[in-house]
Each structure stands twice: as structure tokens, then as C-alpha cells.
Amino acid sequence: LSDIRILPYLEDLIPAVEEYYDYVHEGILPFDYEWYPAGFKDVAPRCENSNYTKNAGWIRTNDYDFTGIIFLNEYQDKPPFDENFEVIGGKLEFPNHQFSFNPRRGTLVIFPGNQNFINHTSPVLHGELNQIRFQLVGETPYVYDRSKFNGTFKEWFINK
């Protein structure tokens with residue numbers, strides 16, 4: 001039911017995503033609802049569309065071109081603490097970019113699903129992190145070209 005409620009809002013954003021990443025959108029795959037309670041076992045870093053092997057390097061294993069995450073909780077490390085909506089921990093981390101940020105309720109992040117954007121959710125120390133993860137698929141496989149995205153994450157998020 002919530003997929004049906006959120007999907008129209010995501011579809012409204014697709015033209016901006018297509019323009020920013022210079023790709024042609026094909027579809028949005030079903031949502032995954034992720035729940036990370038305090039003390040959950042550390043989730044290994046993941047690459048959404050590829051696997052690494054010693055012999056062949058990175059091999060694309062599915063058609064996920066982009067990953068979207070919608071945070072349903074807010075990072076809060078100062079009292080008062082609302083257990084229903086706030087969490088300590090649960091950062092979305094991108095080790096290749098040496099960048100991470102705390103969850104902010106209602107924030108949507110969309111990033112390429114390849115090995116350049118290996119990502120990880122840090123341990124939750126207090127509360128429960130809830131987020132929605134989904135995949136976007138293009139008409140043709142998206143190939144990330146770093147030269148089209150100058151700067152660092154600091155410039156990417158200015159005034160966003």
C-alpha cells in the first residue's frame with residue numbers, strides 16, 4: 001500500500017534524475033523496507049548491481065542502474081529523544097568517497113548502483129532505523145563517468 005502512495009512522488013522526480021545523470025528511465029523496481037534496530041549486526045558494504053571476483057574484477061549481475069533510499073527516521077543525539085522517529089547511528093556511508101551522512105526523515109538520496117558507490121549503513125546505537133531502498137532501471141545499462149561529475153561530495157550537496 002505504501003508503494004502506491006510514494007510512487008507518484010518518485011515518478012515526478014524522474015525527469016530531474018534523467019537530466020542529472022544523462023540516462024533514459026525505464027522503471028522503478030519494488031521497494032525494500034529496511035529495519036535496523038539498536039545493536040543490529042554490522043551490514044557489509046554493498047554494491048547494488050555488481051559483484052567482485054579475483055579473476056574477472058567487477059561483473060555486473062543485474063539491471064539496477066540507480067539506488068534510492070528514503071529515510072524514515074531522523075538522527076538525534078541530544079535529549080529529548082523521540083523513540084518513534086529518532087535514531088543515533090545508522091549513517092549512510094560511501095567509503096570510496098570518504099563521505100557519510102546521518103539519516104534525516106523524508107530525505108531521498110539517489111546514486112548510481114555500481115562499484116563507485118559502494119555503500120554501507122553504520123551500526124544503530126539507539127532507536128530503530130527504518131528506510132526504504134529501491135532500484136531504478138534505465139532503458140540501457142548506465143555507465144558511470146566520473147569526469148561528468150566534477151568536484152567532491154561537498155560541492156555536490158551545496159544548496160541541495
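Scroll up to find the structure this text is about.
Residues numbered from 1 in each chain as written. Predicted model: local features only at pLDDT ≥ 70, side-chain atom pairs only at ≥ 80, totals over all residues. Heavy atoms only, no water.

Digging into the nonpolar core
We apply this condition: Working definition of a nonpolar core: buried Ala, Val, Leu, Ile, Met, Phe, Trp, Tyr and Cys residues. They are joined through side-chain atoms within 4.5 Å. For the exposure calls, accessible area comes from a 1.4 Å probe over protein chains only, and a residue counts as buried if that area is under 20% of its type's maximum, exposed if over 50%, partly exposed in between. Going along the chain from the N terminus, every DSSP run of H or I of four or more residues is numbered as a helix, and every run of E of two or more is numbered as a strand. Residue contacts follow a heavy-atom distance rule, with two residues in contact if any of their heavy atoms lie within 4.5 Å.
In this structure, Y21, L92 and L136 are the most contacted members of the largest nonpolar core, which totals 25 residues. When contributions to this core are tallied by element, the ones reaching two or more residues are helix 1 (2–21), strand 5 (66–71), strand 8 (92–94), strand 9 (99–101), strand 10 (108–112) and strand 12 (124–138). For L92, the residues in contact, after removing those within four places along its chain, are I69, F71, F99, S100, F101, V109, F111, N119 and H120. With five residues, the next largest nonpolar core counts Y36, F40, V124 and L129 among its residues.

A word on the packing of aromatic side chains
What counts is decided by this rule: Here a Phe, Tyr or Trp ring, Trp counted by its six-membered ring, pairs with any other such ring whose centre lies within 6.5 Å, and the pair is stacked when the planes are under 30 degrees apart, edge-to-face when over 60, and tilted otherwise.
All told, the structure shown has 20 aromatic pairs when counted by the stated rule. Here the aromatic rings of F117 and Y144 are separated by 5.2 Å at their centres, their planes lie at 90°, and the arrangement is edge-to-face. In this pair, F117 sits in the loop between strand 10 and strand 11 (120–121) while Y144 sits in the loop between strand 12 and helix 2 (153–156), placing the two residues 27 residues apart along the sequence. We note that F117, like Y144, is buried.

As for the side chain of S50
Going by this rule: Each polar contact in these results corresponds to two N or O atoms within 3.5 Å; when the atoms are within protein, one needs to be able to donate a hydrogen and the other to accept it, and residues that are neighboring in sequence are counted only if both atoms are side-chain atoms.
Considering the arrangement of structural elements, one finds S50 in strand 3 (residues 50–53). Among the polar contacts listed, one links the side chain of S50 to the side chain of N49, at a separation of 2.7 Å.

As for the sheet that holds strand 9
The cut-off we apply is this: Any two strands with at least two DSSP-identified bridges between them are counted as paired.
If you trace the three strands from one edge of the open sheet to the other, you get 9-8-11, paired in antiparallel fashion. Two strands lie at the open edges of the sheet, namely strand 9 and strand 11, each paired on one side alone. As defined by bridge partners, strand 8 adjoins strand 11 across two bridges and the pair is classed as antiparallel. Residue pairing across strands places E93 opposite H120, the latter belonging to strand 11.

A closer look at the environment of D77
The residue D77 is located in the loop between strand 6 (74–75) and strand 7 (86–89) in this model. Measuring from C-alpha to C-alpha, the distance between D77 and I88 comes to 5.8 Å, with eleven residues separating the pair along the chain. For D77, the side chain forms a polar contact with the side chain of Y75, separated by 3.4 Å. Reaching out from D77, the side chain makes a polar contact with the side chain of K78 at a distance of 3.4 Å.

Some remarks on the pairing of strand 7
Relative to strand 7, strand 6 runs parallel, the two sharing two bridges. Counterpart to Y75 in the pairing with strand 7 is V87.

Quick notes on unusual backbone geometry
In this structure, P80 follows P79 across a cis peptide bond, with omega equal to -5°. Residue position: P80 is located in the loop between strand 6 and strand 7. Not every positive phi belongs to a glycine, and D22 is a case in point at roughly 55°. On the basis of relative accessible area, D22 is assigned to the exposed category, the value being 58%. Look at Q98: it is not a glycine, yet its phi comes out positive at around 50°. Note on placement: Q98 falls in the loop between strand 8 and strand 9.

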